[in-house]
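One letter stands for each residue in the lines below.
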Amino acid sequence: MSEPGAAGPSPAAIQVSRIMRPDDANIAGNVHGGTILKMIEEAGAIISTRHCNSQAGEPCVAALARVERTDFLSPVCIGEVANVSAEITYTSRHSVEVQVNVMSENILTGAKKVTNKATLWYVPLSLKNVNKVVEVPPIQYARKEQEDEGKKRYEEQKLDRLETKQRNGDVILPVINPEPHTVGYSQSSLIHLVGPSDCTLLGFVHGGVTMKLMDEVAGIVAARHCKTNIVTASVDAINFHEKIKKGCVITVSGRMTFTSNKSMEIEVFVDADPFVDEPRERYRAVSAFFTYVSLSKEGKPLPVPQLLTETEDEKRRFEEGKGRYLQTKAKRQAQMQQQAAQQ
Amino acid sequence: MSEPGAAGPSPAAIQVSRIMRPDDANIAGNVHGGTILKMIEEAGAIISTRHCNSQAGEPCVAALARVERTDFLSPVCIGEVANVSAEITYTSRHSVEVQVNVMSENILTGAKKVTNKATLWYVPLSLKNVNKVVEVPPIQYARKEQEDEGKKRYEEQKLDRLETKQRNGDVILPVINPEPHTVGYSQSSLIHLVGPSDCTLLGFVHGGVTMKLMDEVAGIVAARHCKTNIVTASVDAINFHEKIKKGCVITVSGRMTFTSNKSMEIEVFVDADPFVDEPRERYRAVSAFFTYVSLSKEGKPLPVPQLLTETEDEKRRFEEGKGRYLQTKAKRQAQMQQQAAQQ
Amino acid sequence: MSEPGAAGPSPAAIQVSRIMRPDDANIAGNVHGGTILKMIEEAGAIISTRHCNSQAGEPCVAALARVERTDFLSPVCIGEVANVSAEITYTSRHSVEVQVNVMSENILTGAKKVTNKATLWYVPLSLKNVNKVVEVPPIQYARKEQEDEGKKRYEEQKLDRLETKQRNGDVILPVINPEPHTVGYSQSSLIHLVGPSDCTLLGFVHGGVTMKLMDEVAGIVAARHCKTNIVTASVDAINFHEKIKKGCVITVSGRMTFTSNKSMEIEVFVDADPFVDEPRERYRAVSAFFTYVSLSKEGKPLPVPQLLTETEDEKRRFEEGKGRYLQTKAKRQAQMQQQAAQQ
């Protein structure tokens, strides 16, 4: 919990534990990635809101701006306890970086496993004027290098957020009588009316609620494609460009973009429809890539049927997905070599 | 509660009370019709399951087969208590009729209002063999006429169930760039992965869970059409032809079929996709008509924009909807005259 | 958190934090006592199950046996964070005492308040044979006195549990057209079908789920009596005599027993109906006394209308309630004098 962090075990660190229930899991008993993402985000929202209000100043609520790429290292099961701990690892003038770690604990055997390490970026919005970003009190660093590394992470994510702001206009069009294993066959969407318990004090949807719905749709796309037990393997960086207000209807749509031998990549869009009290048009609020694997009854990875691409756009997206897949694979191998070299 | 019923205050009568919470309601504070339908069905399922297990015999669980047309007589608000009472009013060899009444109670002022009267039909399925219908213990009637009237209701609904079994094949096709107030503009659909808490002990979805999702989609269709605060006014008779198993993905789709000056009729379909462990194809599980009204901020009915029909099918469905509307109106007027004559 | 406790900051301590949502609260924004009780019990269940499995032996799940009298020291509001921390403070051969503290934190102002201190007793039941109580690994005490004090608390609660096992047979009968402020006027009941997410790994209801339903019914009784905003002030010791299995229907009934100038005492019963697959009769599973106060819009205590007792039983229960009220008052005064003397 103390890797790239603030000085010592900060008093600001927070821990959340919860027993995983049947409703948190699929029928094979594996807890949905979305349940974990929601717990991670709640811990992040508490610690960053607390920090941003720790000095006299304008009361504010921290809003999720971005989640860095997150891997699901091992599945969590019903009856296990998910222990989520969060701490603040960097602050810029207007944003807070939170590092969250999730451990699953089998309280019967005592076995513990690291299941997730996530990095979230929050921006504090004024309670009185939701369009105003307030200043973040700086944290103390144990060593100068920690601040420098944090600054580097900050600059990188800022750049990435600007870039992905471009990609969006896309809409998912329905297909009549699609063939199995085509994109149209598995694409899915749901609508959700944003209720009071989905929202922060500012009246905007918690990032974790959005991520849970995204994982739900992506999981249905994956299951429709391979008709087996599927679990979330990773989520690419997610940027939250636009807030979503209470009373909106959100449409969450997913389509498969790429398959490797043992994994599937699904692109998910969230569109908001402020249909009751506002003249505003439907807008794209969030988009992201989720990766799933297919598991046998014994929990072993199964081969995934190849995605059949038909249109030019589908072929292009498949190639782009392949690029992301190979890049991630190369990064992981580099990390493993580095770790091996350090031992 | 004792209108068309069993002798005296039956020991089998049950009552369910619950405070309405923010998540049970829309942003105007009106409780969703679907929340009420789900409570009604839960009370019905409990009382009929209890009755069917009241004599030595095969353990069984009552499954919802049909809900008669239900009117929402007055809106319920957050903070009020919904009091749902249920009693068994007729039994055939293989089915149970349950009469449910809902009263809303403002516990601060003590004011009470009848909000719903519903009639539900249940069929007991063996706990060991879900395809076996077990025998229902007969109830005692205070007077012979009660039994005769019950038998008449039983025959009528049986006939109606057979008829509606035909209507289904229909699918809701998406429309690109639809104009406001057309059918394509407001049509909506959601998908839901059936989890453990959605299901009975037999592992099949509670009828009330299905009805709640249907009301959710129908409400979004209505709100998209008129962009105001809308509330459920009534639900036509719903037949549950096919069971839906845990682990299925269900697609709930709604489209507007008819508008009068002050109301909208929305047709809702539920399709089940038993996609993980079964070779079975997607099938139509339920369909129904919901009627909504649009309310001003003061709670007064507003005029509804007329539905613009484009295709032949849309025009035909509009005429059929008009037929149902006029028939209901005529029935209501006849009832009122009858009541006036009796006073 | 370290008052009567185990040596040092035990690794076994656990913390749970959660933002309070609109659904956790009444319409005045005060979080339900039941929400807090449920969080307390979840923390207790995690820490005691973890401890009881910490040595090689039969896998087991800790079941709630008893909650000591609990005071709600200050109300919690929507948007605040409830921080629940639990540690084990005593172990006997077959039971575990857990001390839980709840702090509410306004993350905007940083203000923290102690809201509850609760003591819970758990008994570990074998995962393979739910009727077998397994042995509890002993904890280490920092000082001999801690063990002695723990043993004293253990003996006291054991005696009390035996006593209350007697009181039960009572049933709440409905009253036709009751007068305001009589017992019959405010008495209430609800039924709940026990679903999978209500249960532990053993398939029995979590104590916290039961307590939340009890608080819901007691709150309706209190609101019906005084027609104002009411909040939970305290809960008397609750003994869980009998387990409740998944698939049962539970009936939770409440009736007012006593009013002082500023408080109301409500007796709550939980009856379980194992109605499907078991031949067993309905049985009394839990009973308890809840105390509520009535608050003005500014959060100040209001006078409570006096309870009108009619029958001999009601008068007797009123006197008994008065006895408990005076006893608690005397104890609190004694404590305050002791604290004053120590300063």
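Looking at an unreviewed UniProt entry, one finds chain A named palmitoyl-CoA hydrolase and attributed to Junco hyemalis. For chain A, the Subcellular location (unreviewed entry) comment in UniProt is given as "Cytoplasm".

Draft legend 1. Molecular detail of the packing of helix α1 (residues 33-52) of chain C against helix α4 (residues 207-226) of chain C. Residues and elements named next belong to chain C. At a closest axis distance of 8 Å, the pairing of α1 and α4 adopts a crossing angle of 170°. One way to sum up the angle between α1 and α4 is to call them roughly antiparallel. When α1 is examined against α4, the residues G33, G34, T35, L37, K38 and E41 are found in contact with a partner set consisting of G207, G208, V209, M211, K212 and D215. Grouping the constituent residues of the contact of α1 with α4 by class yields three nonpolar, five polar and four charged.

Draft legend 2. Examining the relation of the copies chain A and chain C more closely. The operation relating chain A to chain C is a screw motion whose rotation component is 180°, with 0.0 Å of axial translation and a residual RMSD of 0.1 Å. Taken together, the rotation and translation relating the two chain copies correspond to the operation of a two-fold axis. The rotation axis passes nearest to the C-alpha of A:V16 in chain A, at a distance of 2.2 Å. Taken together, the interface assignments show that 97% of the residues at the interface of chain A recur at the interface of chain C, consistent with an identical surface on both copies.

Draft legend 3. The arrangement of the interface of chain B and chain A in detail. Contacts between chain B and chain A engage 29 residues on the former and 29 residues on the latter. Taken together, the connections running from chain B to chain A amount to two salt bridges. Residue A:R224 pairs with B:D273 through a salt bridge whose shortest N-O separation is 3.2 Å. Seen at the junction of chain B and chain A, the total is four residue pairs in polar contact (both at pLDDT 80 or more). Elements with a contribution of two residues or more to the side of chain B that touches chain A: β7 (188-193), α4 (207-226) and β10 (249-259) of chain B. Ranked by residues supplied to the side of chain B that touches chain A, first place goes to β7(B) with six residues.

Draft legend 4. Seen up close, the interface of chain A and chain C. Contact with chain A, which involves 29 residues of that partner, is made by 28 residues of chain C. Where chain A abuts chain C, roughly 2,500 Å² becomes buried across the two surfaces, and 61% of that area is made up of carbon and sulfur atoms. Together, A:I107, A:L108 and A:S197 form the three largest contributors to the area buried by chain A at its contact with chain C, with a combined 23%. At the surface where chain A touches chain C, the tally comes to two salt bridges. Notably, a salt bridge pairs C:E105 with A:R50, separated by 2.5 Å at the nearest N-O pair. One can count eight residue pairs in polar contact (both at pLDDT 80 or more) joining chain A with chain C. The set of elements that each furnish at least two residues to the side of chain A that touches chain C consists of β1 (14-19), α1 (33-52), β2 (60-67) and β4 (81-91) of chain A. Take the side of chain A that touches chain C: its biggest share by element is six residues, from β1(A). Here the residues of the side of chain A that touches chain C sort into 14 nonpolar, eight polar and seven charged.

Draft legend 5. Local environment of the packing of aromatic side chains. Summed over the entire model, instances satisfying the criterion amount to 18 aromatic pairs over all chains. Ring plane angle 35° and centroid distance 6.2 Å describe the contact between A:Y90 and A:Y141, whose orientation is recorded as tilted. Note that A:Y90 is positioned in strand β4 and A:Y141 in the loop between β6 (112-126) and α2 (144-164), a separation of 51 residues in sequence. Per residue, the accessibility class of A:Y90 equals that of A:Y141, and both read buried. Between C:Y90 and C:Y154, the aromatic rings sit 6.1 Å apart at their centres with planes inclined by 40°, giving tilted as the arrangement. Of the two residues, C:Y90 sits in strand β4 (residues 81-91) while C:Y154 sits in helix α2 (residues 144-164), which places them 64 residues apart along the sequence. For the pair formed by C:Y90 and C:Y154, the shared burial category is buried. Taken together, the ring pairs in this structure connect A:Y90, A:W121, A:Y141 and A:Y154 into an aromatic cluster.

Draft legend 6. Inspection of the environment of A:I107 at higher detail. Residue and element names in this part refer to chain A. Examined against the element boundaries, I107 turns out to sit in the loop between β5 (96-105) and β6. Residue I107 is classed as buried on the basis of its relative accessible area, which comes to 7%. Once the C-alpha coordinates of I107 and V81 are considered, the two residues, 26 residues apart in sequence, prove to be 7.0 Å apart.

Draft legend 7. Spatial organisation of the relation of the copies chain B and chain A. With an axial shift of 0.1 Å and an RMSD of 0.1 Å, the rotation relating chain B to chain A amounts to 179°. Here 97% of the interface residues in chain B have copies in chain A that are interface residues too; the copies meet face to matching face.

Draft legend 8. Main features of the pairing of strand β8 (residues 229-235) of chain B. Residues and elements named next belong to chain B. By the criterion of burial, β8 is predominantly enclosed, with seven of the seven residues buried. Here strand β3 (residues 70-71) pairs with β8 via two bridges, running antiparallel. If you follow T70 over to β8, its bridge partner there is V235. Pairing of β8 with strand β12 (residues 283-295) involves six bridges; the strand directions are antiparallel.

Draft legend 9. Representation of the environment of A:G34 within the structure. All names here are of chain A. Note on placement: G34 falls in helix α1. The class of G34 is buried, set by a relative accessible area of 1%. With 182 residues separating them in the primary sequence, G34 and E216 have C-alpha atoms 6.8 Å apart. In contact with G34, other than residues within four places in its own chain, are K212 and D215.

Draft legend 10. Representation of the UniProt feature "active site" (unreviewed entry) in chain A in the model. Residues and elements named next belong to chain A. Here, UniProt's "active site" (unreviewed entry) annotation points to N26 and D215. These annotated residues cover 190 residues of sequence, but their C-alpha atoms sit close together, with the largest distance between any two at 12.1 Å. Following the sequence through the fold, N26 ends up in the loop between β1 and α1. For N26, the residues in contact, after removing those within four places along its chain, are H32, N229 and I230. Looking at where D215 falls in the secondary structure, it is placed in helix α4 (residues 207-226).

Draft legend 11. Up close: the pattern of salt bridges. Counting across every chain of the model gives 54 salt bridges over all chains. Notably, a salt bridge pairs A:R255 with A:E267, separated by 3.5 Å at the nearest N-O pair. Separated by twelve residues along the polypeptide, A:R255 in strand β10 (residues 249-259) and A:E267 in strand β11 (residues 264-273) bring together distant segments of the chain. Comparing A:R255 with A:E267, the two get one shared label, buried. For B:E135, the salt bridge is made with B:R93, and the minimal N-O distance between the two is 2.8 Å.

What counts and how
Residues numbered from 1 in each chain as written. Chains lettered and ligands numbered in written order. Predicted model: local features only at pLDDT ≥ 70, side-chain atom pairs only at ≥ 80, totals over all residues. Heavy atoms only, no water. UniProt positions renumbered as here; feature names shortened; annotations may be inferred. Axes fitted to C-alpha atoms, helices over the stretch in contact; angles between N-to-C directions. Helix = DSSP H or I, 4+ residues; strand = E, 2+ residues; numbered from the N terminus. Parallel < 35°, antiparallel > 145°, perpendicular 65-115°, else oblique. Contact = heavy atoms within 4.5 Å. Nonpolar A, V, L, I, M, F, W, Y, C, P; charged D, E, K, R; others polar. Least-squares fit on C-alpha atoms with pLDDT ≥ 70 in both. Salt bridge = Lys/Arg side-chain N within 4 Å of Asp/Glu carboxyl O. Polar contact = N/O pair within 3.5 Å; in protein donor to acceptor, adjacent residues only side chain to side chain. Buried area = accessible area lost by both parts, 1.4 Å probe. Phe/Tyr/Trp six-rings, centres within 6.5 Å; stacked < 30°, edge-to-face > 60°. Buried < 20%, exposed > 50% of the residue type's maximum accessible area, 1.4 Å probe, protein only. Pairing = 2+ DSSP bridges.

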